[in-house]
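Now for the letters of each chain:
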2 protein chains.
Amino acid sequence: MDEGRRIPQATVARLPRYLQALVEASEAGTLTLSSDDLARASGLNSAKVRKDLSFLGTYGTRGVGYNVAELTTEISGVLGLTDDRAVVIIGVGNLGSALASYEGFDRRGFKVVALLDADPEKVGTEVGGHVVRDVAELDQVVAEHDVTFAVIAVPAANAQDVADALIHAGVAALLNFAPTHLTVPDQVTCRTVDLSTELQILSFYEQLGDGPSAAVG
Amino acid sequence: MDEGRRIPQATVARLPRYLQALVEASEAGTLTLSSDDLARASGLNSAKVRKDLSFLGTYGTRGVGYNVAELTTEISGVLGLTDDRAVVIIGVGNLGSALASYEGFDRRGFKVVALLDADPEKVGTEVGGHVVRDVAELDQVVAEHDVTFAVIAVPAANAQDVADALIHAGVAALLNFAPTHLTVPDQVTCRTVDLSTELQILSFYEQLGDGPSAAVG
């Protein structure tokens, strides 16, 4: 998608917030939203909302605002969320279990299709509606469900091995919750989530004493 | 901290990544890092690193780079991480339990001092080295430990009530993992973490097929 290349990273990071506001508006039966509405729902100012959406080639209608259904389709398309994407979670500790039951994934076009773990005590147990499978079956699971996304929720010491196995199995995009940097080939996309990052950013705004209520991004 | 006000939000969001790279360098016995080293360790380009650090008034030494110890102190100071900050976690489900044991918090200047839950079956049990306390004791726990930060890991339906109770107890900064928008007074800082956001951003870069390995920010 060539168009995507011109969208700034910071705008991409805010698109999920707009999408959330749009989904909530749609569920409430709202047909159009002004940039002020979108700004309020996503904790930003309306000038930033208009600027961000202009990168998508979307300008709304003066005095009316943005069509909720059209903008939802537009943003979902840009984010590649038009079909359900199959996700596997590797590591069924507390974090993996929490992610397996996380209600937000399904609503955003991600379908958790399997949980895998290396621990024989966990394999075969049921977590979040899935029977945990052996990580040794990874290649088979990936082929079975046409998996493109994997969530890594194993201890830091095992994360690189798991990433290597996922890449070998053909998974193209990794979301890593282990607190360690992973090395991946150029054609693989990898994001590392450091849960303490959010607390550090919170700390910055808290000490300023004027931190605006903000979602992540 | 007046200086903080001039640092762009996007730079603030990257400071934790630099801090992580510096801590790792320090643990490895490295005394100086070039902007190239910092860029490689944090998945950015070196021009961005130099620009970000210039907002802190830090320019490094030509041909030598940045002094690891000095830059660590500088960034920690800007982020308000110079003393251990007391954190409580409300909600001891899978996510709360995972956060309670998350090794990243302690290393970044956050000390989890208490876990609280409303479920009588959980109160009194031990999780991550803490005996879970009754959320009814919140005011007492906050006063006891001089708590400034709280992590909300309860279901969405209960999150606003928990936030209100935390604010009433005097907590000034909330990190909310419940997938819902919270309303807080101006003097309170609140960030909502949507775990599906990261998957959506990953999806964008994956479909471009050129997503650089990147940490969150």
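### Topic: the overall build of chain A
Next, step 1: Counting its secondary structure elements, chain A contains 9 helices and 11 strands.
Next, step 2: Along the first, second and third principal axes, the C-alpha atoms of chain A reach 60 × 40 × 35 Å.
Next, step 3: Going through the 217 residues of chain A one by one, you find that 53% of them count as buried.
Next, step 4: Taking as baseline every contact in chain A between residues at least 6 positions apart, the subset at least 24 positions apart corresponds to 56%.
Next, step 5: Counting only carbon and sulfur atoms, one obtains 48% of the accessible surface of chain A, whose full area is about 9400 Å².
Next, step 6: Averaging the positions of the 16 positive and the 29 negative side-chain charges in chain A gives two centres separated by 11 Å.

### With respect to the interface of chain A and chain B
Next, step 1: Listed as interface residues are 70 residues of chain A and, on the opposing side, 70 residues of chain B.
Next, step 2: Summing both sides of the interface, chain A and chain B together bury roughly 6800 Å²; the carbon and sulfur share of this comes to 59%.
Next, step 3: The tally of links between chain A and chain B comes to 4 salt bridges.
Next, step 4: Here Glu198 of chain B ties to Arg191 of chain A by a salt bridge, and the two come within 2.8 Å at their closest N and O atoms.

### Considering the environment of Asn45 of chain A
Next, step 1: Counting through the fold element by element, Asn45 of chain A comes out in the loop between α2 (35-42) and α3 (46-54).
Next, step 2: From its side chain, Asn45 of chain A meets the backbone nitrogen of Ala47 of chain A in a polar contact 3.1 Å long.

### What about the environment of Ala157 of chain B?
Next, step 1: Here Ala157 of chain B shows up in helix α8 (residues 156-169).
Next, step 2: Separated by 128 residues in sequence, Ala157 of chain B and Gly29 of chain B have C-alpha atoms that sit 48 Å apart.

### Quick notes on the domain arrangement of chain A
Next, step 1: Per the domain assignment, the segments of chain A are domain 1 (2-78) and domain 2 (85-196).
Next, step 2: Domain 1 of chain A and domain 2 of chain A are separated by 30 Å when their C-alpha centres are compared.

### Quick look at the environment of Ala86 of chain A
Residues and elements named next belong to chain A.
Next, step 1: In this fold, Ala86 is placed in strand β3 (residues 85-90).
Next, step 2: For Ala86, a relative accessible area of 11% translates into the label buried.
Next, step 3: Sequence spacing of Ala86 and Asp186 is 100 residues, and the spatial spacing of their C-alpha atoms is 22 Å.
Next, step 4: Residues contacting Ala86, with those up to four places away along its chain left out, are Lys111, Val113, His145, Asp146, Val147, Thr148 and Phe149.

### Describing the nonpolar core
Next, step 1: Residues Leu38 and Ile75 of chain A together with Leu38 and Ile75 of chain B are the most contacted members of the largest nonpolar core, which totals 101 residues.
Next, step 2: When residues no more than four places from it in sequence are discounted, the contact partners of Ile75 of chain B are Leu15, Tyr18, Leu19, Leu22, Leu53 and Leu56 of chain B.
Next, step 3: Ranked by size, the runner-up nonpolar core spans 26 residues in total, among them Ala86, Val147, Val154 and Cys190 of chain B.

### What about the relation of the copies chain A and chain B?
Next, step 1: For the pair chain A and chain B, the superposition axis carries a translation of 0.0 Å, the fit reaches an RMSD of 0.1 Å, and the rotation angle comes to 180 degrees. On the angle and the small slide along the axis, the relation comes out as a two-fold axis. In terms of C-alpha distance to the rotation axis, chain A has Asn94 of chain A as its closest residue, with the C-alpha 2.5 Å off the axis.

### A look at the pairing of β3 of chain A
Residue and element names in this part refer to chain A.
Next, step 1: A large share of β3 lies buried, amounting to 6 of its 6 residues.
Next, step 2: Residues Arg85, Val87 and Ile89 line one face of β3 and the alternating positions Ala86, Val88 and Ile90 line the opposite face, and both faces are buried.
Next, step 3: Two elements, β3 and strand β8 (residues 149-152), share 4 bridges in a ladder whose sense is parallel. If you follow Ile89 over to β8, its bridge partner there is Val151.

### A few points about the pattern of salt bridges
Next, step 1: Tallied over the entire structure, the rule returns 12 salt bridges over all chains.
Next, step 2: With a shortest N-O distance of 2.6 Å, Asp52 of chain B and Arg14 of chain B are connected by a salt bridge. With Asp52 of chain B in helix α3 (residues 46-54) and Arg14 of chain B in helix α1 (residues 9-27), the pair connects residues that are 38 residues apart, well separated along the chain. Considered together, Asp52 of chain B and Arg14 of chain B belong to a single accessibility category, that of buried residues.
Next, step 3: The shortest N-O distance in the salt bridge between Glu144 of chain B and Arg133 of chain B comes to 3.0 Å. Within this pair, whereas Glu144 of chain B is found in helix α7 (residues 138-145), its partner Arg133 of chain B is found in strand β7 (residues 133-134), the two being separated by 11 residues in sequence.
Next, step 4: By relative accessible area, Arg133 of chain B is classed as buried at 18%.
Next, step 5: One network of salt bridges, with partners in common, ties together Arg133, Glu137 and Glu144 of chain A.

### A word on the side chain of Ser35 of chain B
Residue and element names in this part refer to chain B.
Next, step 1: Inspection of the secondary structure puts Ser35 in helix α2 (residues 35-42).
Next, step 2: Since its relative accessible area comes to 11%, Ser35 is described here as buried.
Next, step 3: In terms of polar contacts, Ser35 uses its side chain to reach the side chain of Arg50, at 2.9 Å.
Next, step 4: For Ser35, the residues in contact, after removing those within four places along its chain, are Ser46, Val49, Arg50 and Tyr66.

Conventions used here
Residues numbered from 1 in each chain as written. Chains lettered and ligands numbered in written order. Predicted model: local features only at pLDDT ≥ 70, side-chain atom pairs only at ≥ 80, totals over all residues. Heavy atoms only, no water. Helix = DSSP H or I, 4+ residues; strand = E, 2+ residues; numbered from the N terminus. Buried < 20%, exposed > 50% of the residue type's maximum accessible area, 1.4 Å probe, protein only. Contact = heavy atoms within 4.5 Å. Areas by Shrake-Rupley, 256 points an atom, 1.4 Å probe, with all protein chains shown as cover. Lys, Arg positive; Asp, Glu negative; His and termini not counted. Charge placed at Lys NZ, Arg CZ, Asp CG, Glu CD. Buried area = accessible area lost by both parts, 1.4 Å probe. Salt bridge = Lys/Arg side-chain N within 4 Å of Asp/Glu carboxyl O. Polar contact = N/O pair within 3.5 Å; in protein donor to acceptor, adjacent residues only side chain to side chain. Domains from an automatic or database assignment. Core = buried A, V, L, I, M, F, W, Y, C linked by side-chain atoms within 4.5 Å. Least-squares fit on C-alpha atoms with pLDDT ≥ 70 in both. Pairing = 2+ DSSP bridges.

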